[in-house]
Amino acid sequence: MRTRKISRIFAFFLLISLNITYISPVFAQFSGLIEEAASIIERRYHLNLGSIQNQGEYFNVSDQKKLAPELIMNFTPTDPKPGQELTAKSFPMYFENNKEELYYTWYLQKEGCDDLDSKNNLEKCDADGDGTLTIEDWKVEASRIIANSVIERDEIKYDNDDDNDGFAYVHTGKKVAVYGGAARRQILERCYILDRETGEQHELIKGKAPDGTPGNNQNPFDCDLTTHNVRCLDRAATPSGCSLPTCFSHPSPYFTALAPDCLSDNKISCVRGKPYCIAKIYTLDDDPATYLEKEQCHDDYPDFCGSLYIDAKELTSCDNGGNNGSTYATAGCKHLFPNAKGKEFITNNKQGTSVNEVTGDGEYELQEEKFWVTDPHNDDTANTGNGDESNIVGMGIDTFTWNYQLGDKVGLVIEGTSQIPTKYDNHSKMIMWAFSKNDCPVTGKGVYYPQVKDYAVKIHTTTMDLDSCLEKNLIDPREGGQKNNIDVSLVYSPEKPMNNSRVVGGEDTAPDKDDSLGFGETLTINSSISNSKKDESHISYTWKVFISKDGTFDPRKYVRESDPIKTGDESTAGWVEITKELVKYKLVDLVEGNNISDLDISLNITEKLLKEADPSLTIEKVFPDSLGNIGHLRVRLYVKEEFAPDVSADGVSTIIIPVNNSGKRLTSSLAFLDDIKPKTFINEDPKSTANNKKVLICEDKLTLASGICYVTKNEVIAAELGKLENEDATEKLTNFSWELDGKPLLCDKNVSRKYCEDDKQTRYNFFAITGKPGERHSLTLTALEEVTGQVKTFTQTYEVVDPFIEIIPFDDNVWPKYLGAYRDAQGKYHEDISTEVFQGYFGDSAYLQAVFFPDFLKKRARKQWLCSSNLCDTTHMEIGANELPTVYFPMIDPPGHTYNVSMEAIYQQNREVREAMQRIWGMRIFETTDYWIKKAVRIEVLENNEEEDIALLTPKTFFASVLSNTPKHIWFATQAFLSILVSIFILGILYSLGRSNRSS
């Protein structure tokens, strides 16, 4: 009771708060009472009037906020190439059906088939063969691919149709594609489309909607709906328990609201039975009080059965006996399935057009099999799990795969039952469609007011044809987020490349690479592509190289000296392209073409090359001293992947590379310790002992030419800026600042009492080599000229290497052995020369040198030659020697003999240096180990060609030649055989001696 009271008060309050016009005058005089009632409700039930009003405003527009069916589509791959299989995948939303029960109508527009009703391209575009180009051709194009993607037309035998592949309504066995999706039969079948501008649902109708205004009582039946109801009943059988054969049966235990539907042409339709006009007393659903009393028709109620029969009048149409007024509009539901028709269908159809070509009618005969190119001996030609006609209907076909060609566009429309109920007095929900782009503007709008529950209900209508929306819902698979660009990235090595601008003789007059010293490093730029379907041989590469002293992408304050209006510094332009000059001077190979994923640049850029690119350029302007001789290269790569004359994917990537030119450098040496003052890092009074003698490094020809100082791990480097040639008392340098690998490098008295200060940086500094082989350390010193205020920068690059020794001939008496030749990828032949086997003539003398890398090891290492000749003589073996160690011996052994020669060296770091490395730089002492390196070669003695013929005539030289040229495995077999013979001979003698003794 309390709940009922609350409900009545709340309803009363809502009527008041909504200010309904037809009751407001009545209650106007009771405004005080209303306000008091509202106050009571707020206090007693905590209902805030503002919140109620807010919810009411939402409720007023809730009908326009309902979620109508939509779909989302994506493509795999996202960047299809012509001829490649492309799959479109759909994701339907807001349907009540399972996705397997929806109807998917795919359509495919090929290139040149977009001009509807045109006579052009009919041979290519007229898929159904009716002589015109329409949207139906797009549907047929896609449906044939869906219906048969596994068997060729020529493999199909159209002798007879012995399969059962007609569409079947799976739940009831009715062979018809019902509206709203499979297994969704409902009454009434009413179809709708959403107007996305207004949010209103418009019912699809045929013809003109019934005239009427709200409140009228018109109906389409010849039946007085005030006293009677229209019901579908069956009087063909006598119900159980009812003896009167004239009694009606019904599909449920009581007479439910199974009303007929008005179809086109005013035809009336029942799912079961026939339509009758029956007195309301006999329709139990209208009077719940009589439901229990008249639940069944049986002998206890003979009067009921007879009266029902007498009072029932069969209806034949919806026109109300010629009365133009009616309540229900004619439903305009229409499947969008493609249908078999056209000349091809008529030709294959021996009976002409009398055969029903409608898709989804359950009749799928031989003529339709031929039209859709399906196998009449296979229920499911496409192997989808459905029948052939079900595949044409598109039941559950949520993906579509075809071989993409340039210009293809695809569309999809899905039919199903929405989650939105209709306003009719039954259990029906709106049958709706979703489109590829969810774009279908409503046209032909109207409105009518059918009688529902004795009320005139407003329903929005439309007479539009949904086929009109298909064209605007076509999707280009390459539009809308599909990738058209290639993702390309660049990396380079080495990390700190070195250019060498020096030329032979110091004059830069040469037109080609050979006139430069050629010691510049090779800069390698590698490209990688992440989203290309082709290999490098099918991708076009175009490389461009630019140069500038500025390392920003877009320098601002630079102009060329040749510019008529100079608004910036007279220096190099922001970026100057030097690609042509690099090719001309043979510093790069190919820069344009297929399969050029990497670019190698020989960094021998000279001033002559720069001036050809721009007359204002000089080495100083590109690699200025003030910036430590550092300039910049910008390398840009364009890639292009072509699939057709008008279809391609492009990509571009740029990388900026700092390049150091071999100019003025810092002086470097190996640091040493004073045995008397171990805390002083640099010996203040150098002694003449080997370990305390200053060892300059980076002064060998290779370092001077390349600009790279090669060092080994665990060395301590002493760096120094010597006095410059133009540095005098008026231009001395101050404000020194050191950096190592971009980080400050400080030196104080804890490192060196003599060369470092605690309060400022000096010309000297020290650091330990800690990198792994292949890594580089970059040392930079900046200083300020006191008078000019110019900042000068000096750099030195150190590369960590594994030390090694090479043994090379000192003169022409010994030469490397020729092993053959090979051809590289470019087709060039290269000789294969051994570095471990030498050759020389009998009687000549062998002179060999040991070359150390890095070069300074020859001064610091303890060395020894190991030689198989007793006549070996060695030189420059003492520690600290500047010359390369050599070995000499005469080759007096006969031809075929081999001499073995090796050089061994051990380099032991000074103990105090190792302790300083631990104390100053925190290195663990067991990591600062010694180096032991070795190199071995052998020299094969040959007979001099001029004496070869004579020499072979003597037995000694003949056998010597045989011995030297016979393979080892032959000699091993021969020795084994001779050993066996000797053993047998000795055993035979012993056996003979034994018999002799027994005989005596």
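Residues take numbers from 1 onward in each chain, read along the sequence in its written order. Totals for whole chains, interfaces and linings use all residues, but because this is a predicted model, local features are given only for residues with pLDDT of at least 70 and pairs of side-chain atoms are given and counted only at 80 or more. Note: side-chain values were computed over all heavy atoms of the structure, leaving out hydrogens and water.

Trainee: I keep staring at the pattern of salt bridges and nothing clicks. Help me out?
Mentor: Side chains bearing opposite charge may pair, as long as their charged atoms lie close to each other. Each salt bridge in this description consists of a side-chain nitrogen of Lys or Arg and a carboxyl oxygen of Asp or Glu lying within 4 Å of one another. Following the criterion strictly, the structure yields 18 salt bridges and no others. Taking the shortest distance from any N to any O, the salt bridge between D467 and K139 comes out at 2.9 Å. With D467 in the loop between β18 (459-462) and β19 (488-493) and K139 in helix α6 (residues 135-147), the pair connects residues that are 328 residues apart, well separated along the chain. Note that K584 and E612 form a salt bridge whose closest N and O atoms lie 3.0 Å from each other. Here K584, found in helix α11 (residues 579-584), pairs with E612, found in helix α12 (residues 607-613); they are 28 residues apart in sequence, far enough to count as distant. Only protein chains enter the area calculation, which uses a 1.4 Å probe; residues under 20% of their type maximum are buried, those over 50% are exposed, and those in between are partly exposed. Classification of K584 as partly exposed rests on a relative accessible area of 46%. Residues participating in the shared-partner salt-bridge network are E136, K139, K334, D465 and D467. Segments assigned H or I by DSSP are reported as helices when at least four residues long, segments assigned E as strands when at least two residues long, and all are numbered from the N terminus.

Trainee: What am I meant to see in the pairing of strand β34 (residues 733-740) here?
Mentor: The side chains of a regular strand alternate between the sheet's two faces. Pairs of strands are assigned from DSSP output, requiring at least two bridges between the strands. Relative to strand β37 (residues 776-785), β34 runs antiparallel, the two being bridged by six bridges. Paired with L733 across the strands is E785, a residue of β37.

Trainee: Sorry if this is basic, but what is going on with the state of the cysteines here?
Mentor: Structurally, a disulfide amounts to a covalent bond that connects the sulfur atoms of two cysteines. Cysteine sulfur atoms are paired as a disulfide whenever they come within 2.5 Å of each other. Applying the stated criterion to the full structure yields six disulfides. Across the disulfide from C113 sits C125; the S-S distance is 1.9 Å. Residues C113 and C125 share a disulfide whose torsion about the S-S bond is about -80°; that sign makes it left-handed. With C113 in the loop between β3 (103-109) and α5 (122-125) and C125 in helix α5, this pair connects stretches of sequence that are 12 residues apart. Each of the two residues, C113 as well as C125, counts as buried.

Trainee: Could you clarify how one ought to interpret the nonpolar core in this entry?
Mentor: Nonpolar side chains in soluble globular proteins tend to end up buried together. Think of a nonpolar core as a cluster: buried Ala, Val, Leu, Ile, Met, Phe, Trp, Tyr and Cys residues, connected wherever their side-chain atoms sit within 4.5 Å. Counting residues in each nonpolar core, the largest one holds 48 residues, and the members touching the most others are L779, Y798, L848 and I939. Take this core: its biggest share by element is five residues, from strand β46 (residues 898-907). Counting residues in hydrophobic clusters, the runner-up holds 36 residues, among them I486, V545, L609 and I619.

Trainee: Is there a simple way to think about the sheet that holds strand β38 (residues 791-800) in this case?
Mentor: Sheet strands line up and pair through hydrogen bonds in the backbone, either parallel or antiparallel. If you trace the five strands from one edge of the open sheet to the other, you get β32-β38-β37-β34-β35, paired in mixed fashion. For this open sheet the edge positions go to β32 (708-711) and β35 (743-744), each flanked by a neighbour on one side alone.

Trainee: When you look at the packing of aromatic side chains in this model, what are you seeing that I'm missing?
Mentor: Each aromatic ring pair is described using two quantities: the centre-to-centre distance and the angle formed by the ring planes. The pairing test for Phe, Tyr and Trp rings, Trp by its six-membered ring, is centres within 6.5 Å, and the orientation test on the planes gives stacked under 30 degrees, edge-to-face over 60, and tilted for anything in between. In the structure shown here, the tally under the stated rule is 13 aromatic pairs. Geometrically, the ring pair formed by F400 and W402 is stacked, given 5.0 Å between the ring centres and 15° between the ring planes. With a relative accessible area of 2%, W402 lands in the buried category. The interplanar angle of 55° and the centroid separation of 4.7 Å between the aromatic rings of Y755 and Y764 together place this pair among those described as tilted. Of the residues examined, Y764 reaches a relative accessible area of 25% and is grouped as partly exposed. An aromatic cluster of three or more residues is present, and its members are W106, F400 and W402. A cation over a ring is seen here: R144 above F371, with NZ or CZ 4.6 Å from the ring centre. Distance and angle both matter: a charge sits over a ring if NZ of Lys or CZ of Arg is within 6 Å of the ring centre and within 35 degrees of the ring normal. Note that R634 overlies the ring of F546, its terminal NZ or CZ placed 5.2 Å from the centroid.

Trainee: Got a minute to help me understand the side chain of S902 in this structure?
Mentor: Looking at the element boundaries, S902 is found in strand β46. The contact definition used throughout considers only heavy atoms, calling two residues in contact when any of these lie within 4.5 Å. With sequence-adjacent residues up to four places away left out, S902 is seen in contact with I807, Q864, W865, L866, K934, K935 and A936.

Trainee: Would you take a moment to explain helix α16 (residues 911-921) for this structure?
Mentor: Three or four residues apart is the spacing at which side chains of an α-helix point the same way, because the helix has 3.6 residues per turn. Looking at α16, one finds that the buried residues are E912, V913, A916 and M917. Projected down its long axis, α16 shows its buried positions confined to an angular sector of 145°, all on one face. In this fold, the buried residues of α16 make contact with β33 (716-720). With its phi angle positive at about 70°, G922 sits one or two positions after the end of α16. The arc under discussion is defined with respect to the helix axis, by the directions toward the C-beta atoms.

Trainee: Just checking my understanding: could you explain empty space enclosed by the protein for this structure?
Mentor: Unoccupied space between atoms shows up once a probe the size of one water molecule is rolled over them. Cavities and pockets were defined on a 1 Å grid built from protein atoms only: a cavity is a group of points that admits a 1.4 Å probe but offers it no way out, a pocket is an open group of points flanked by protein on both sides within 12 Å along at least five of seven lines, and a lining residue is one with an atom within 4 Å of any such point. Grid points are joined across faces, edges and corners, and a volume is the space filled by probe spheres set on the points. One pass over the structure, following the stated rule, counts nine cavities of 30 Å³ or more. Considering only enclosed or pocket space, the largest cavity measures out at about 90 Å³ in volume. As for the largest cavity, its lining consists of A68, P69, I193, L194, R196, M432, W433, A434, F435, N438, D439 and C440. Put simply, the parts of the chain that give the lining of the largest cavity at least two residues each are β4 (192-195) and β14 (429-435). Take the lining of the largest cavity: its biggest share by element is four residues, from β14. Looking at the lining of the largest cavity residue by residue, the classes come out as nine nonpolar, one polar and two charged. Residue polarity follows a fixed list, in which Ala, Val, Leu, Ile, Met, Phe, Trp, Tyr, Cys and Pro are nonpolar, Asp, Glu, Lys and Arg are charged, and the others, Gly among them, are polar.

Trainee: Teacher, can you tell me more about the sheet that holds strand β13 (residues 409-421) here?
Mentor: Read from one edge to the other, the open sheet built from three strands follows the order β3-β13-β14, with strand pairing classed as antiparallel. Each having just a single partner strand, β3 and β14 make up the two edges of the open sheet. Strand-to-strand twist across the sheet, computed as the mean angle between neighbouring axes with direction ignored, equals 20°. Pairing between β13 and β14: six bridges, direction antiparallel. Bridge pairing in β14 places E415 opposite W433. To obtain an axis, a line is fitted to C-alpha atoms, over the contacting stretch when the element is a helix, and the angle between two such axes runs from 0 to 180 degrees between their N-to-C directions.

Trainee: So what exactly am I meant to see when it comes to the pairing of strand β42 (residues 845-853) here?
Mentor: Summarising burial for β42: seven of the nine residues are buried, a large majority. Alignment of strand β39 (residues 804-809) against β42, held across six bridges, turns out to be antiparallel. Note that in β42 the partner of E806 across the bridge is V851. Sheet topology places β42 next to strand β45 (residues 886-890); five bridges connect them, and they run antiparallel. Bridged to Y847 within β45 is Y888.

Shape descriptors only; they carry no functional weight alone.
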